[in-house]
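# Fold and geometry: a report
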Amino acid sequence: QVQLVESGGGLVQAGDSLRLACAVHGRTLSNNVMAWFRQPPGKARDFVAASTQSSTIYADSVKGRFTISRDNAKNTVYLQMNSLKPEDTAVYYCAAVRSGSLYRTSSSYPYWGQGTQVTVSS
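Values in this document were obtained by computation on a predicted structure and should not be read as measured data.

Below, the discussion takes up the pattern of salt bridges. When charged atoms on two side chains of opposite charge get close, those side chains can pair. A complete count under the given rule lists three salt bridges for this structure. Ionic pairing is found between K63 and D60, a salt bridge with its closest N-O pair at 3.0 Å. In this structure, R65 and D88 form a salt bridge, with 2.8 Å as the shortest nitrogen-oxygen distance. Remark: D88 occurs in the loop between strand 8 (76–81) and strand 9 (90–97) and R65 occurs in the loop between strand 6 (56–58) and strand 7 (66–71); sequence separation between them is 23 residues. Relative accessible area serves as the criterion here: at 9%, R65 is assigned to the buried category. Accessibility expressed as a relative area gives 0% for D88, which makes it buried. Taken together, the salt bridges that share partners define one network made up of R38, R65 and D88.

With that out of the way, let us pick up the environment of G115. Checked against the element boundaries, G115 lands in the loop between strand 10 (111–112) and strand 11 (116–121). In this structure G115 comes out as buried when scored by relative accessible area, which is 16%. Put simply, G115 and W36 are 79 residues apart on the chain and 10.0 Å apart in space, counted from C-alpha to C-alpha. Sequence-distant contacts of G115, that is, excluding residues within four places in its chain, are made with E6, V91, Y92 and Y93.

Before going further, it helps to spend a moment on the pairing of strand 11. Residues T116, V118 and V120 of strand 11 are buried on one face, while the alternating residues Q117, T119 and S121, pointing to the opposite face, are not. Pairing of strand 9 with strand 11 involves three bridges; the strand directions are antiparallel. When the sheet's bridge partners are listed, V91 is paired in strand 11 with Q117.

Before going further, it helps to spend a moment on unusual backbone geometry. Here N75, not a glycine, exhibits a phi torsion of approximately 55 degrees, which is positive. Its location among the elements puts N75 in the loop between strand 7 and strand 8.

On to the state of the cysteines, then. Following the criterion strictly, the structure yields one disulfide and no others. Disulfide partner of C22: C94, at an S-S distance of 2.1 Å. Measuring handedness by torsion sign, the sulfur bridge of C22 and C94 sits at about 55 degrees and is right-handed. Note that C22 is positioned in strand 3 (residues 18–25) and C94 in strand 9, a separation of 72 residues in sequence. The residues C22 and C94 share a single accessibility class, namely buried.

What counts, and at which threshold
- Residues numbered from 1 in each chain as written.
- Predicted model: local features only at pLDDT ≥ 70, side-chain atom pairs only at ≥ 80, totals over all residues.
- Heavy atoms only, no water.
- Salt bridge = Lys/Arg side-chain N within 4 Å of Asp/Glu carboxyl O.
- Helix = DSSP H or I, 4+ residues; strand = E, 2+ residues; numbered from the N terminus.
- Buried < 20%, exposed > 50% of the residue type's maximum accessible area, 1.4 Å probe, protein only.
- Contact = heavy atoms within 4.5 Å.
- Pairing = 2+ DSSP bridges.
- Disulfide = S-S within 2.5 Å.

What follows is the structure, given as C-alpha coordinates:
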(Lines give C-alpha, C1' and ligand atoms only; values in the text may rest on other atoms or scores of the structure.)
Protein backbone atom coordinates (compact mmCIF):
# COMPACT_ATOMS: atom_id res chain seq x y z
CA GLN A 1 0.00 0.00 0.00
CA VAL A 2 2.42 2.68 1.26
CA GLN A 3 6.11 1.83 1.16
CA LEU A 4 9.16 3.87 2.15
CA VAL A 5 12.45 2.65 0.68
CA GLU A 6 15.66 4.08 2.15
CA SER A 7 19.11 4.15 0.61
CA GLY A 8 22.44 5.95 0.89
CA GLY A 9 23.89 4.63 4.12
CA GLY A 10 27.45 3.46 4.46
CA LEU A 11 30.75 3.62 6.31
CA VAL A 12 32.48 7.01 6.41
CA GLN A 13 35.07 8.85 8.46
CA ALA A 14 34.39 11.73 10.82
CA GLY A 15 33.95 14.96 8.89
CA ASP A 16 32.61 13.25 5.76
CA SER A 17 29.17 13.68 4.24
CA LEU A 18 26.36 11.35 3.20
CA ARG A 19 22.98 11.87 1.61
CA LEU A 20 20.21 9.50 2.55
CA ALA A 21 17.17 9.07 0.31
CA CYS A 22 13.68 7.85 1.09
CA ALA A 23 11.55 6.98 -1.92
CA VAL A 24 7.82 7.01 -1.20
CA HIS A 25 5.65 4.53 -3.08
CA GLY A 26 1.86 4.42 -3.06
CA ARG A 27 1.22 7.97 -1.86
CA THR A 28 1.86 11.50 -3.08
CA LEU A 29 4.70 13.02 -1.10
CA SER A 30 3.40 16.59 -1.03
CA ASN A 31 0.60 15.94 1.46
CA ASN A 32 2.73 14.12 4.03
CA VAL A 33 4.79 15.08 7.03
CA MET A 34 8.12 13.33 6.56
CA ALA A 35 10.67 12.63 9.25
CA TRP A 36 14.01 10.99 9.88
CA PHE A 37 14.82 9.06 13.04
CA ARG A 38 17.93 7.17 14.08
CA GLN A 39 18.66 4.37 16.51
CA PRO A 40 22.22 3.96 17.80
CA PRO A 41 23.20 0.44 18.85
CA GLY A 42 21.77 -0.39 22.27
CA LYS A 43 19.83 2.86 22.52
CA ALA A 44 16.31 4.13 21.88
CA ARG A 45 15.18 5.58 18.59
CA ASP A 46 15.84 9.34 18.45
CA PHE A 47 14.25 12.11 16.42
CA VAL A 48 16.49 13.70 13.79
CA ALA A 49 14.43 15.95 11.50
CA ALA A 50 10.93 16.47 10.12
CA SER A 51 9.41 18.50 7.33
CA THR A 52 6.21 19.62 5.73
CA GLN A 53 6.12 21.32 2.33
CA SER A 54 7.04 24.63 3.96
CA SER A 55 8.61 23.98 7.38
CA THR A 56 11.41 21.96 8.93
CA ILE A 57 12.59 21.13 12.44
CA TYR A 58 15.77 19.46 13.66
CA ALA A 59 17.13 17.82 16.75
CA ASP A 60 19.65 20.00 18.56
CA SER A 61 22.37 17.44 17.93
CA VAL A 62 22.17 17.85 14.13
CA LYS A 63 21.28 21.53 13.69
CA GLY A 64 23.63 23.21 11.24
CA ARG A 65 24.91 19.87 9.94
CA PHE A 66 21.88 17.99 8.57
CA THR A 67 19.29 19.19 6.06
CA ILE A 68 15.99 17.52 5.23
CA SER A 69 14.58 18.26 1.77
CA ARG A 70 12.03 17.03 -0.74
CA ASP A 71 11.95 16.35 -4.46
CA ASN A 72 8.27 16.09 -5.35
CA ALA A 73 8.99 15.10 -8.96
CA LYS A 74 10.91 12.06 -7.74
CA ASN A 75 8.60 11.49 -4.75
CA THR A 76 11.69 11.31 -2.56
CA VAL A 77 12.80 12.82 0.74
CA TYR A 78 16.49 13.38 1.44
CA LEU A 79 18.65 13.83 4.51
CA GLN A 80 21.91 15.58 3.69
CA MET A 81 24.37 14.86 6.48
CA ASN A 82 27.54 16.97 6.67
CA SER A 83 30.38 17.05 9.19
CA LEU A 84 29.50 13.59 10.41
CA LYS A 85 30.58 12.57 13.89
CA PRO A 86 30.99 9.13 15.49
CA GLU A 87 27.91 9.90 17.61
CA ASP A 88 25.89 9.96 14.37
CA THR A 89 26.44 6.21 13.97
CA ALA A 90 23.01 4.58 13.89
CA VAL A 91 20.39 2.89 11.79
CA TYR A 92 18.51 5.72 10.10
CA TYR A 93 14.80 5.39 9.38
CA CYS A 94 12.45 7.59 7.38
CA ALA A 95 8.85 7.91 8.47
CA ALA A 96 5.66 9.47 7.17
CA VAL A 97 2.23 10.57 8.35
CA ARG A 98 -0.54 12.43 6.59
CA SER A 99 -0.70 15.45 8.89
CA GLY A 100 0.18 19.11 9.05
CA SER A 101 2.09 18.82 12.32
CA LEU A 102 5.85 18.43 12.73
CA TYR A 103 5.86 15.53 15.17
CA ARG A 104 9.00 14.63 17.11
CA THR A 105 7.89 11.24 18.46
CA SER A 106 8.17 7.97 16.58
CA SER A 107 4.71 6.85 17.69
CA SER A 108 3.20 9.66 15.60
CA TYR A 109 4.32 8.08 12.31
CA PRO A 110 2.45 5.03 10.98
CA TYR A 111 4.66 4.47 7.93
CA TRP A 112 8.34 3.54 8.17
CA GLY A 113 11.19 2.55 5.95
CA GLN A 114 13.36 -0.49 6.52
CA GLY A 115 16.31 1.51 7.83
CA THR A 116 19.80 2.10 6.47
CA GLN A 117 23.02 1.79 8.45
CA VAL A 118 25.29 4.82 8.86
CA THR A 119 28.64 4.19 10.52
CA VAL A 120 31.06 7.04 11.24
CA SER A 121 34.58 6.17 12.33
CA SER A 122 36.82 8.55 14.25
